[in-house]
Amino acid sequence: MIISSLERRFEPAQLFKYIARCRKTPTIEHVFVWIVEQKLQETFLLPYIEHMADSVITFEDTTHLSLLVKKHTGAVTNKYYEFDPTKDSFLIVEVKRSAAAKQGTASKEADDPPAPNPAALGTFKIDLKDEEMAAKNALTLPFEFFKTLPEGGKILYHPDAEDDLDEEDPDDDLLI
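Reading guide: rules and limits
Residues numbered from 1 in each chain as written. Predicted model: local features only at pLDDT ≥ 70, side-chain atom pairs only at ≥ 80, totals over all residues. Heavy atoms only, no water. Phe/Tyr/Trp six-rings, centres within 6.5 Å; stacked < 30°, edge-to-face > 60°. Helix = DSSP H or I, 4+ residues; strand = E, 2+ residues; numbered from the N terminus. pLDDT = per-residue confidence, 0-100. Salt bridge = Lys/Arg side-chain N within 4 Å of Asp/Glu carboxyl O. Expected span 1.5 Å × (residues − 1). Buried < 20%, exposed > 50% of the residue type's maximum accessible area, 1.4 Å probe, protein only. Arc of directions from axis to C-beta. Polar contact = N/O pair within 3.5 Å; in protein donor to acceptor, adjacent residues only side chain to side chain. Contact = heavy atoms within 4.5 Å. Patch = residues over 30% accessible without salt bridge, like charges linked within 9 Å, V, L, I, M, F, W, Y side chains within 5 Å. Areas by Shrake-Rupley, 256 points an atom, 1.4 Å probe, with all protein chains shown as cover. Pairing = 2+ DSSP bridges.

Can you help me understand the packing of aromatic side chains in this one?
Between two aromatic rings, the relevant description is the distance of the centres plus the angle of the planes. Counted by the stated rule, this structure contains one aromatic pair. Relative to tyrosine 48, the ring of phenylalanine 16 has its centre 5.3 Å away and its plane inclined at 25°; by these criteria the two rings are stacked. In this pair, phenylalanine 16 sits in helix 2 (residues 12-24) while tyrosine 48 sits in helix 3 (residues 45-52), placing the two residues 32 residues apart along the sequence.

Looking at this structure, I do not really get the confidence of the model for the chain. What am I missing?
Detailed reading of predicted coordinates is not advised where the pLDDT is low. Of all residues in the chain, 74% attain a pLDDT of 70 or more, and the chain-wide mean is 76. Taking the mean pLDDT of every element in the chain, the minimum, 55, falls on helix 4 (residues 99-111) and the maximum, 90, on helix 6 (residues 130-138).

For this particular structure, what's the right way to read the pattern of salt bridges?
Oppositely charged side chains can form a pair if their charged atoms are brought close together. What the rule picks out here adds up to one salt bridge. Between arginine 23 and aspartate 54 there is a salt bridge, with its nearest N and O atoms 3.0 Å apart. With a gap of 31 residues between them, arginine 23 in helix 2 and aspartate 54 in the loop between helix 3 and strand 1 (55-59) connect regions that are remote in the sequence.

Explanation requested: helix 2 in the structure shown.
The periodicity of an α-helix, 3.6 residues per turn, causes residues three or four positions apart to be oriented the same way. Taking 1.5 Å per residue, 13 residues should reach 18 Å; helix 2 reaches 19 Å between its end C-alpha atoms and fits that length. By the burial criterion, the buried members of helix 2 are Pro12, Leu15, Phe16, Ile19 and Cys22. Buried residues of helix 2 fall within an arc of 125° about the axis and therefore sit on the same side. Of the residues in helix 2, the exposed ones pointing more than 90 degrees away from the buried face are Lys17, Arg21 and Lys24.

Looking at this model, I keep getting lost on the side chain of serine 66. Mind explaining?
Here serine 66 is to be found in strand 2 (residues 64-70). A polar atom in the side chain of serine 66 sits 3.1 Å from the side chain of glutamate 60. Aside from chain neighbours lying at most four places away, what touches serine 66 is Val56, Ile57, Thr58, Glu60, Asn78, Lys79, Tyr80 and Arg97.

What is the right way to look at a nonpolar patch on the surface in this model?
Together, Phe32, Trp34, Ile57 and Phe59 line one region of the surface with nonpolar side chains, adding up to about 460 Å² of accessible area. Checked against the element boundaries, phenylalanine 32 lands in the loop between helix 2 and helix 3. Residue phenylalanine 32 is classed as exposed on the basis of its relative accessible area, which comes to 57%.

Can you help me understand the pairing of strand 2 in this one?
The side chains of a regular strand alternate between the sheet's two faces. Where strand 1 meets strand 2, five bridges bridge the pair, whose relative direction is antiparallel. Among the inter-strand pairings, threonine 58 is bridged to a residue of strand 2, identified as serine 66. Where strand 1 folds back onto strand 2 in an antiparallel hairpin, the turn is made up of four residues. Here strand 2 pairs with strand 3 (residues 76-83) via seven bridges, running antiparallel. Bridge pairing in strand 3 links leucine 67 to lysine 79. Hairpin connection between strand 2 and strand 3: a loop of five residues separates the two successive antiparallel strands, and glycine 74 in this loop has a positive phi of roughly 105°.

See below:
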């Protein structure tokens, strides 16, 4: 499936339903979806289809690709490979991601708009000054008083006159 050409003829919801139906059909073993980001009309298609995929192969440049594999257990592996398309045989070798490739992905992430600062989103102050943090850490909460008592964390129970201590039917006073 070439999504950019199918996108012109079908609604995105129809594409998602078709891919989901193919995944549930027992006679279909693999669904291969080819996406060229520059040709997409709707930018939200790529993340949705990547979310639905078990494996995602991304061609980083003319000689490098990354392979993201999601397992049914929830484990995710992300490996980086080098290949040479000019030779007669197509050889793929796993390599460590170079500093230049890391910078390339970092520059791609830098093109994205920056994430909003959570402190600026609310109507109240989230950050604490040093003296506020010291006062917070010095505060003893009610459930921490047991540390200072000689009995420790024991529960002391003193029965009232209205308490029913009859062992035969402990729920007799509940009127059930």
